[in-house]
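Single-letter residue listing:
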Amino acid sequence: MRRKVIRNLAALGSICSLFICIVFFAYLAMRNAREKARSELETVVSEVIHRSAMTQAQIDEAVRAQRTAAFAPCSPEHVALMQRQILQASYLKELAYIKGDRMLCSSRSGSTVEIDLEPANHTTATGIRRWNRMEFPDAPNTTFVMTELDGYAAIISPQLVLDAGEEYSDIAITRFRKSNRIPAYSKGAFRKEWLAHKEDRSVSFFDNEYFVFIHPGSDAYSSVLAAMPTTRVNQMIWAALPSYLAGGVLAGLFSAMTLSAFARYRLSFRSQLLGGLKRREFFLLYQPVVDLRTGECIGAEALIRWNQPETGIISPDVFIPAAEAKGLIQNVTIHVMEMVAEDVGLLLKDFPEFHIAINISAEDLNSEKTEQHLQELLRATGGSPKNILIEITERSLMDPDKAKKVLDSIRKKGFEIAIDDFGIGNSSLSYLSTYELDYLKIDKVFVDGIGDGRTNSPLWFHIIEIARALGLKLIAEGVETEEQRSTLLQAGVHLAQGWYFAKPLPINELHTFIRDSRVS
Ligand SMILES: Nc1nc2c(ncn2[C@@H]2O[C@@H]3COP(=O)(O)O[C@H]4[C@@H](O)[C@H](n5cnc6c(=O)[nH]c(N)nc65)O[C@@H]4COP(=O)(O)O[C@H]3[C@H]2O)c(=O)[nH]1
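Note that the coordinates shown come from a computational prediction; the quantities given were computed from them, not determined experimentally.

Trainee: How do you make sense of the pattern of salt bridges when you look at a structure like this?
Mentor: Per the counting criterion, the structure on display carries 31 salt bridges. Between Glu-114 and Arg-102 there is a salt bridge whose closest N-O contact spans 2.7 Å. Of this pair, Glu-114 sits in the loop between β2 (102-106) and β3 (115-116) while Arg-102 sits in strand β2, and the two are 12 residues apart along the sequence. Judged by relative accessible area, which is 40%, Glu-114 ranks as partly exposed. Three or more residues are tied together by salt bridges with common partners; here these are Glu-301, Glu-391, Lys-441 and Glu-477.

Following this line, the structure appears as structure tokens:
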């Protein structure tokens, strides 16, 4: 059920992430096109601000030079000076001298022509007068802007200030005074409402057909506005869209693949096992080992179970080989030792001679950390090495040299070693001569043969002989009948485990079982 949910969620997540990536990248295309449009408007505005500043600097310089020269106004020397200045000042059209409302002379016509002026459009608090739409008879259809202070006047062409380049020809530009929000000069479309936006810093906004950008000028008095038709912004979006959509599809596919890889991982054995360990889905049962002579329970084998929420209890025969194959068995062994440590502290206080057998796998015997974990287990239980019996199978002895090193070291510390499932594999006999062992466990396969008349029946007897010859203690596994029990006892096998005595038990039931076995 949970697997189906994970699969469905992964499929849904993949479709959603593909969709979200495409929408997000389309949004990015729009945002970037807008950024690009804003950047173009910024370029235009900066150019206009630069040209305005240059114009103002040239006006200031022209007035300063005329004042310094102190020629009589409109004298030939004064006119000549103005003419020289016009040649050097690229942003100034003409210089003139004004008295009252009459232009007495100019760099264009010298002092030969005097012109009556309309009243100025604007006069500042500092006395600067300004004419916004000056026209000269010899330059029809062209309007100029003129500013004047103390008689010295400069005439400029607004077009020159507003000219930001051919490629920006469709961008409307307006330079306006901050104080009264009145345009000083403008080119192209302009809407009064645009100036309602305050531009303490730069500000940009869409207004139906235009994308507008306003920036304060370099002086304290003016600001510059540039407006781009939204059709241009849309063109930019459409131009950017294909590559962004391709990026969106790629990113969507990537996240879909990542999601399905994650789902595959979640469904994998590795993830399930590691998750199960973390969620403490594993528990131990303990199968009593009984002394056949007295009937007393003298030890128990810790046998792990996995209570998987979806499938229920899983047998170690299923997941232990898989954990070994996937390199996860050490995680399992460490967890088993932790659970034993939690379970048996009390039990060892009551029965200090009792032993707990722990199954160890091949990878555990490749790692020197196993000994460390065993020591930690002892510390946690307060027991001695004799309380722990290490059970190894033939599978555990794949790399005999390494295993021998680890086993010898563990054994030197006082832990006892049993070879489990003896006689099942091909090399059991050779292991007996290679490793220092304490116990030999007769596998259930051979115990099953006792009394059933099958051909392998006598084998159990030879195994007993071998163990005796090597001085090994014996534990018979899988004893299910009274006949097996008594036959083994008669043959000199003193220890056994099997359903005849008890199935694997929870720790509290084991405690009771031990007590009962000693009373009776
Ligand atoms: N039919 C029958 N079965 C009996 C009888 N007496 C005991 N058994 C079962 O025989 C198995 C004996 O354990 P094993 O040979 O070490 O074989 C173990 C051991 O190799 C492995 N295993 C169990 N726990 C662990 C563990 O914590 N770590 C490792 N590495 N392996 C473990 O899984 C194997 C299977 O364990 P279990 O399923 O618990 O199966 C246990 C036990 O429940 C009986 O009279 N009749």
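That covers the picture; the talk isn't over yet.
Trainee: Is there a simple way to think about the state of the cysteines in this case?
Mentor: Every disulfide links exactly two cysteines, by a covalent bond between their sulfur atoms. Summed over all chains, the structure comprises one disulfide. Note that Cys-74 is cross-linked by a disulfide to Cys-105, the S-S spacing being 2.0 Å. The sign of the S-S torsion, about -80 degrees, decides the handedness of the disulfide formed by Cys-74 and Cys-105: left-handed. Linking Cys-74 in the loop between α1 (2-69) and α2 (76-88) with Cys-105 in strand β2, this pair joins segments that are 31 residues apart in sequence. On the accessibility criterion, Cys-105 (0% relative accessible area) is buried.

Trainee: What should I look at first to understand the sheet that holds strand β9 (residues 183-187) in this one?
Mentor: Whether parallel or antiparallel, the strands of a sheet pair through hydrogen bonds between backbone atoms. Overall, antiparallel pairing links the five strands, which are arranged β9-β8-β12-β11-β10 in an open sheet. The open sheet has two edge strands with one neighbour each: β9 and β10 (203-207). Adjacent strand axes in the sheet meet at a mean angle of 15 degrees when their direction is disregarded. Across four bridges, the pairing between strand β8 (residues 172-177) and β9 is antiparallel.

Trainee: Hey, could you run me through the site of the ligand in this one?
Mentor: Gln-287, Glu-301, Asp-420, Glu-480 and Trp-499 are the nearest of the 23 residues found near the ligand. Side-chain polar atom of Asp-421 to an oxygen atom of the ligand: 3.1 Å apart, as the coordinates give it. In isolation the ligand has 800 Å² of accessible area, and contact with the protein removes 85% of it. Broken down by secondary-structure element, the contributors of at least two residues to the shell around the ligand are β14 (297-308), α6 (316-325) and β18 (416-422).

Trainee: Would you explain α2 in this entry?
Mentor: For α2, which comprises 13 residues, the first-to-last C-alpha distance of 19 Å matches the rise-based estimate of 18 Å (1.5 Å per residue) to within 8%. What α2 keeps buried is the set His-78, Val-79, Leu-81, Met-82, Gln-85 and Ile-86. Down the axis, α2 shows its buried residues gathered within 160 degrees of arc, on one side only. Structural note: α2 exposes Pro-76, Leu-87 and Gln-88 on the side pointing more than 90 degrees away from its buried face.

Trainee: Could you clarify how one ought to interpret the pairing of strand β16 (residues 355-360) in this entry?
Mentor: The side chains of a regular strand alternate between both faces of the sheet. Among the six residues of β16, five are classified as buried, and the element is accordingly described as predominantly covered. Relative to β16, β14 runs parallel, the two being bridged by three bridges. If you follow Ala-300 over to β16, its bridge partner there is Ile-356. Where β16 lies against strand β17 (residues 388-392), five bridges are found, and the strand directions are parallel. The partner of Ile-360 across the bridge, within β17, is Ile-392.

Trainee: For this particular structure, what's the right way to read the packing of helix α5 (residues 269-278) against helix α7 (residues 329-350)?
Mentor: In a pair of packed helices, the angle between the axes and the distance between the axes together describe the arrangement. Put simply, α5 and α7 touch, their axes get as near as 11 Å, and they point 15 degrees apart. As the angle between them shows, α5 and α7 are arranged roughly parallel. When the axes of α5 and α7 are compared, the crossing they make is left-handed. Between α5, through Leu-273, Leu-274 and Leu-277, and α7, the contact on the second element is made entirely by Asn-331, Val-332 and His-335. Within the contact of α5 with α7, the residues separate by chemical class into four nonpolar, two polar and no charged.

Trainee: So what exactly am I meant to see when it comes to the sheet that holds strand β1 (residues 92-99) here?
Mentor: Strand order in the open sheet made by the seven strands is β3-β2-β1-β7-β6-β5-β4, with antiparallel pairing throughout. The open sheet has two free edges, formed respectively by β3 and β4 (122-123), since each of these has just one partner strand. Pairing between strand β6 (residues 139-149) and strand β7 (residues 152-156): five bridges, direction antiparallel. Directly across from Leu-149, in β7, lies its bridge partner Tyr-152. Where α2 meets the sheet, it contacts β1, β2 and β7, and its direction lies at approximately 155 degrees from that of β1.

Trainee: Would you mind showing me how to read the packing of aromatic side chains here?
Mentor: Describing an aromatic ring pair means giving the distance of the ring centres and the angle of the ring planes. What the rule picks out here adds up to 13 aromatic pairs. Relative to Trp-306, the ring of Phe-282 lies with its centre 4.8 Å away and its plane at 25 degrees, an arrangement referred to as stacked. Within this pair, whereas Phe-282 is found in strand β13 (residues 282-291), its partner Trp-306 is found in strand β14, the two being separated by 24 residues in sequence. Residues Tyr-431 and Tyr-435 carry aromatic rings whose centres are separated by 5.8 Å and whose planes lie at 45 degrees to one another, so their mutual orientation is tilted.

Trainee: It is not clear to me how the packing of α7 against helix α15 (residues 507-519) should be interpreted in this structure. Could you clarify?
Mentor: Orientation of α7 relative to α15, taken along the N-to-C sense of each, is 10 degrees, at an axis distance of 10 Å. Relative to α15, the element α7 is oriented roughly parallel. Crossing of α7 over α15 shows right-handed handedness. Together, Asp-343, Val-344, Leu-346, Leu-347 and Asp-350 of α7 and Ile-507, Leu-510, His-511, Ile-514 and Arg-515 of α15 make up the contact between the two elements. Per-class residue counts for the contact of α7 with α15 are six nonpolar, one polar and three charged.

Trainee: Help me understand a nonpolar patch on the surface in this model?
Mentor: A surface patch of nonpolar side chains, amounting to about 530 Å² of accessible area, comprises Phe-19, Ile-20, Val-23, Phe-24 and Tyr-27. Classification of Ile-20 as exposed rests on a relative accessible area of 53%.

Trainee: Help me out: how do you make sense of unusual backbone geometry in this one?
Mentor: At Asp-150, a residue that is not glycine, the phi angle is positive and equals roughly 55 degrees. With respect to the secondary-structure elements, Asp-150 resides in the loop between β6 and β7. For Asp-421, which is not glycine, the phi torsion reads 50 degrees and is therefore positive.

What counts and what doesn't
Residues numbered from 1 in each chain as written. Predicted model: local features only at pLDDT ≥ 70, side-chain atom pairs only at ≥ 80, totals over all residues. Heavy atoms only, no water. Salt bridge = Lys/Arg side-chain N within 4 Å of Asp/Glu carboxyl O. Helix = DSSP H or I, 4+ residues; strand = E, 2+ residues; numbered from the N terminus. Buried < 20%, exposed > 50% of the residue type's maximum accessible area, 1.4 Å probe, protein only. Disulfide = S-S within 2.5 Å. Pairing = 2+ DSSP bridges. Axes fitted to C-alpha atoms, helices over the stretch in contact; angles between N-to-C directions. Near = heavy atom within 4 Å. Polar contact = N/O pair within 3.5 Å; in protein donor to acceptor, adjacent residues only side chain to side chain. Areas by Shrake-Rupley, 256 points an atom, 1.4 Å probe, with all protein chains shown as cover. Expected span 1.5 Å × (residues − 1). Arc of directions from axis to C-beta. Parallel < 35°, antiparallel > 145°, perpendicular 65-115°, else oblique. Left-handed = near helix turned anticlockwise from the far one by under 90°. Contact = heavy atoms within 4.5 Å. Nonpolar A, V, L, I, M, F, W, Y, C, P; charged D, E, K, R; others polar. Phe/Tyr/Trp six-rings, centres within 6.5 Å; stacked < 30°, edge-to-face > 60°. Patch = residues over 30% accessible without salt bridge, like charges linked within 9 Å, V, L, I, M, F, W, Y side chains within 5 Å.

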